[in-house]
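Here are the chains, one letter per residue:
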Amino acid sequence: MTEDPVLALLRRREEEWRERIRRKYRFRPWKARRIIWEHDDLRRRLDEWRDARRERRRLIEAGELSGE
């Protein structure tokens, strides 16, 4: 199976961003790790919230949950 070119581009850009952060804070690697960790944590939370909204919308459409 071939990889989606858009997802490949996003992954490549993400890795380029990480490298820029590592270079910028090369004398403070703890700070680079912290910035990357916070970024990853935010991305994880956004993904969880998106999935939760999608599931809520599915339940509302299926009539299993009120829209209030």
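Everything here concerns the structure above.
This report concerns the structure included in the present document. Note that the structure is a prediction, hence the values are computed from the model and not measured. (Residues numbered from 1 in each chain as written. Predicted model: local features only at pLDDT ≥ 70, side-chain atom pairs only at ≥ 80, totals over all residues. Heavy atoms only, no water.)

A word on a nonpolar patch on the surface
Here comes step 1: Nonpolar side chains collect at one region of the surface, where Val6, Leu7 and Leu10 lie side by side and expose about 280 Å² of accessible area between them.
Here comes step 2: Note that Leu10 resides in helix H1 (residues 5-24). (Patch = residues over 30% accessible without salt bridge, like charges linked within 9 Å, V, L, I, M, F, W, Y side chains within 5 Å. Areas by Shrake-Rupley, 256 points an atom, 1.4 Å probe, with all protein chains shown as cover. Salt bridge = Lys/Arg side-chain N within 4 Å of Asp/Glu carboxyl O. Helix = DSSP H or I, 4+ residues; strand = E, 2+ residues; numbered from the N terminus.)

Concerning H1
Residues separated by three or four positions in an α-helix point in the same direction, a consequence of the helix having 3.6 residues per turn.
Here comes step 1: Here H1 contains 20 residues, and its C-alpha end-to-end distance of 28 Å stays within 8% of the 28 Å for a straight helix at 1.5 Å per residue.
Here comes step 2: Glu14, Arg18 and Ile21 are the residues of H1 that are buried. Seen along its axis, H1 keeps its buried residues to an arc of 60 degrees; they face one direction. Facing away from the buried surface of H1 by more than 90 degrees, the exposed residues are Pro5, Arg13, Arg23 and Lys24.
Here comes step 3: Buried positions along H1 lie against helix H2 (29-61).
Here comes step 4: The distance from a side-chain oxygen at the start of H1 to the backbone nitrogen of Val6 is 3.2 Å, and the residue carrying that oxygen is Asp4. (Expected span 1.5 Å × (residues − 1). Buried < 20%, exposed > 50% of the residue type's maximum accessible area, 1.4 Å probe, protein only. Arc of directions from axis to C-beta. Contact = heavy atoms within 4.5 Å. Polar contact = N/O pair within 3.5 Å; in protein donor to acceptor, adjacent residues only side chain to side chain.)

So far we have only geometry, and geometry alone does not tell us how the molecule works.
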